[in-house]
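Structure assessment
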Amino acid sequence: MYKCKIPVLLVVFAVFSGFVQAQEIQRSKGHFSGSLETNWGFYMKDDKLGVKKVEDKVATNTYLTLGYSFKAFRFGLEYDIYEPPMIGFSPDWEGCKLMRGFAEWAGESLELRAGTVYEQFGSGLIFRTYEERALGINNALMGGNIRWRPWDGVTLKVVAGVPQKFQEYAPVRIYGTDGEIDLGSLLFPENGMLLSVGGSWVLRDDRSDEHNVKADRVVRNYAGRLDLSKGIFSLGGEYVAKSRSVYWDDAYNIRYGKGRNVLLYAGIDAPGIGFSATFRAFENGDLRVDDCLNDESVSLNYVPALTMQHKYALLTLFPHEIKMAGETGGQFSLFGELPMGGKTGNPLSFAVNGSMYRSLTVKKDDESTYLFRQKGKLLYGEIGLELERKWSKSFKSTLLFFHQRKLEFSKYGFGNMRMDSEVLVADLLYKVTPKTSLRMELQHVWSDSKDNQRWAMGLLELGLAPAWMVYVSDMCNYESYGDSLHYYRVGGSYSWRSLRASVDYGRNREGIQCAGGVCRYFPEHTGVTVMLSVAI
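Reference entry: report on the structure contained in this document.

What counts and how
Residues numbered from 1 in each chain as written. Predicted model: local features only at pLDDT ≥ 70, side-chain atom pairs only at ≥ 80, totals over all residues. Heavy atoms only, no water. Helix = DSSP H or I, 4+ residues; strand = E, 2+ residues; numbered from the N terminus. Rg over C-alpha atoms; globule rule 2.2 N^0.38 Å. Buried < 20%, exposed > 50% of the residue type's maximum accessible area, 1.4 Å probe, protein only. Contact = heavy atoms within 4.5 Å. Polar contact = N/O pair within 3.5 Å; in protein donor to acceptor, adjacent residues only side chain to side chain. Salt bridge = Lys/Arg side-chain N within 4 Å of Asp/Glu carboxyl O. Pairing = 2+ DSSP bridges. Phe/Tyr/Trp six-rings, centres within 6.5 Å; stacked < 30°, edge-to-face > 60°. Core = buried A, V, L, I, M, F, W, Y, C linked by side-chain atoms within 4.5 Å. Patch = residues over 30% accessible without salt bridge, like charges linked within 9 Å, V, L, I, M, F, W, Y side chains within 5 Å. Areas by Shrake-Rupley, 256 points an atom, 1.4 Å probe, with all protein chains shown as cover.

**Regarding the overall build of the chain**
Secondary structure summary: the chain contains two helices and 33 strands in total. The C-alpha radius of gyration of the chain comes to 25 Å, within 12% of the 24 Å expected for a compact globule of 536 residues. The principal-axis extent of the C-alpha atoms belonging to the chain is close to 70 × 55 × 55 Å. Residues classed as buried in the chain amount to 46% of the 536 residues present. Restricting the contact set of the chain to residue pairs at least 6 apart, pairs at least 24 apart contribute 56%.

**Considerations on the side chain of Lys 406**
Assignment of secondary structure puts Lys 406 in strand S24 (residues 395–409). Residue Lys 406 is classed as buried on the basis of its relative accessible area, which comes to 8%. Of the polar contacts made by the side chain of Lys 406, one reaches the side chain of Glu 408; its length is 3.3 Å. In contact with Lys 406, other than residues within four places in its own chain, are Phe 318, Pro 319, Glu 321, Leu 379, Tyr 380, Met 417, Arg 418 and Met 419.

**Section: the environment of Glu 408**
Mapped onto the secondary structure, Glu 408 falls in strand S24. Each C-alpha atom of the pair Glu 408 and Gly 176 lies 38 Å from the other, and the pair is 232 residues apart in sequence. Non-local contacts of Glu 408, meaning those with residues more than four positions away in its chain, are made with Phe 318, Gly 415, Asn 416, Met 417 and Met 419.

**What about the environment of Val 197?**
Structurally, Val 197 is set in strand S14 (residues 194–206). Owing to a relative accessible area of 33%, Val 197 belongs among the partly exposed residues under this scheme. Taking the C-alpha atoms as reference, Val 197 lies 7.7 Å from Gly 224; in sequence the two are 27 residues apart. If we ignore the near neighbours within four places in the chain, the residues touching Val 197 are Gly 179, Glu 180, Ile 181, Leu 183, Arg 225 and Leu 226.

**A closer look at the pattern of salt bridges**
All told, the structure shown has 31 salt bridges when counted by the stated rule. The salt bridge partner of Arg 133 is Glu 78, with a shortest N-O separation of 3.5 Å. Residue Arg 133 is found in the loop between strand S8 (131–132) and strand S9 (137–138), and its partner Glu 78 is found in strand S3 (residues 73–82); the two are separated by 55 residues along the sequence. On the accessibility criterion, Arg 133 (23% relative accessible area) is partly exposed. What makes Glu 78 buried here is its relative accessible area of 9%. A salt bridge links Arg 288 to Asp 286; the shortest N-O distance between them is 2.6 Å. By relative accessible area, Asp 286 is classed as buried at 9%. Overlapping salt bridges, with partners in common, bring together Glu 37, Glu 78, Asp 80, Arg 100, Glu 131 and Arg 133 in one network.

**Let's talk about the pairing of strand S15 (residues 218–230)**
In this sheet, S15 lies alongside S14 in antiparallel orientation, the contact comprising twelve bridges. Residue pairing in the sheet places Val 202 in a bridge with Asn 221 of S15. Pairing of S15 with strand S16 (residues 233–248) involves ten bridges; the strand directions are antiparallel. Residue pairing in the sheet places Asn 221 in a bridge with Lys 242 of S16. Counting the residues between successive antiparallel strands, the hairpin from S15 to S16 contains two residues, one of them, Gly 231, with a positive phi of roughly 65 degrees.

**What about the packing of aromatic side chains?**
Inspection of every chain in the model, using the stated rule, returns 16 aromatic pairs. A ring pair is formed by Trp 40 and Phe 42, whose centres lie 6.3 Å apart and whose planes are at 15 degrees; its orientation type is stacked. With relative accessibility at 15%, the residue Trp 40 sits in the buried group. Overall, the relative accessible area of 35% leaves Phe 42 in the partly exposed class. Judged by centre distance (6.0 Å) and plane angle (75 degrees), the rings of Tyr 130 and Tyr 302 are edge-to-face.

**Focus: the pairing of strand S19 (residues 326–338)**
The pairing of strand S18 (residues 273–283) with S19 spans eleven bridges and is antiparallel. Each bridged residue has a counterpart across the sheet, and for Thr 278 the counterpart in S19 is Gln 331. In terms of strand pairing, S19 meets strand S20 (residues 348–358) through eleven bridges, oriented antiparallel. Opposite Gly 336, over in S20, you have Phe 350 as the bridge partner.

**Overview of the nonpolar core**
Core analysis: the largest hydrophobic core is formed by 32 residues, its most contacted members being Leu 314, Leu 315 and Trp 455. Going through the elements one at a time, S24, strand S25 (416–433), strand S27 (452–464), strand S28 (468–480) and strand S32 (518–522) are the ones with two or more residues in this core. The greatest single-element share of this core, amounting to four residues, is contributed by S25. Filtering out sequence-adjacent residues up to four positions away, Trp 455 remains in contact with Leu 314, Leu 317, Gln 443, His 444, Val 445, Met 475, Cys 476, Asn 477, Tyr 478, Tyr 487 and Arg 509. Val 202, Val 240, Phe 282 and Leu 306 belong to the second-largest nonpolar core, a separate cluster that totals 29 residues.

**So, a nonpolar patch on the surface**
Taken together, the side chains of Phe 73, Phe 75, Trp 105, Leu 112, Ile 146, Trp 148, Leu 156 and Val 158 define a hydrophobic patch exposed on the protein surface, amounting to about 670 Å² of accessible area. Mapped by element, the contributors of at least two residues to the nonpolar patch are S3, strand S10 (141–148) and strand S11 (154–165). By secondary structure assignment, the location of Trp 105 is in strand S4 (residues 95–106).

So, to be careful, I would describe these as geometric facts and stop short of saying anything about function.
Set out below in structure tokens:
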């Protein structure tokens, strides 16, 4: 523990911050920047949760970045510390290392970058390198990146490098190109229409020892996309084809085959009302860093969940986990405002959101599947209504009611369960003074799960603008096959300029946490979490 000299790094950052402030008056010599984010977990035993022993009582995820820019040039470094990783993060992250750095030159039409590369082609279905610290994901390339805009409306991208896999770089080569042209601005400059056409190519050459000898070392991916928008209307789509690779099917059997991704969308955004619909289907849709299938954090593309991204705890009890072997379905959303009477005249905002995903249907040859047929096993379904209104200058309410259906595996030995749940949420905000506010959440779940049939949650939050916030909450499975437990939490936060600090104590429920469709399992635990971030 502490072999990474975390206190020393904090001192270095403090000295660097002072140096940056002193240099602000000499901007002609360039500009220094930096950020520090440090997260700490202090864990303890909890007999009621069944946590009899704590392996690592103290853990940290800390990130230090330093940057320098001068005219058209930018330089950066990032140092990561997982000593050890916090609960819920892969133990493969353990250690500390200067993992990322880059040098970049940006002109009016050309950008050149060497070192760490974060890039995305299209919607990310074929290729996306990004960082999601909350889930322990960073698949950046170490290599090079070119972006070229030879004419207005034309963009070309080239990437090449080796992908990050936890605290190392995998012995894998990645090459990719992407091009996009806005035909609308070129052919109809006065029409105000966007008509964009794009295409991508990505190659993965796996030279690792973990390569599956039955699979191809080289996996090729091709994609085409179209986006059209005019006035209040928009529509588009993207298709990705992948050559033969190894993957897991729904029963976790190893399979070999080609892959396909389809994404279609349409939308209307008119004054006072809007509608959007998205269809997404794929088979073997995951582009892995290598042939190791054990961790979601080593994907080189991004397949979104396309369900409503909930911010309330009981609506996220059972999120949709994407089945990378294949699934088909979509999402729709109808939203708008209804005029209301009363003293304020404020409208009633509403949103109706629904989504459904099923497993793929196998054709009669037992080797290929239907991407568009909606007759497979239901994996996830949801439909709900959200209403929000500001009743006066000091009071606002938000009400939500959702029905959810999902296949879930019982933790008490009942096997696979098809659960139906109804979730009701009330979020009430009252401004006591212009700088003081009280917010209350009341949530409840009715479920036919054999594990937990009823959940209730309450939260009370006091905001003292512009810097302070404190809260207390409790969540309980008060009707359960097992023990009824209280998952209590108390905490607060402080912000000033670019500084953010928070402390939190309580119990954390076992479950899946997701961000944009990428999910990770977090075990039950009790403890204190401290976070500090500052940017200069």
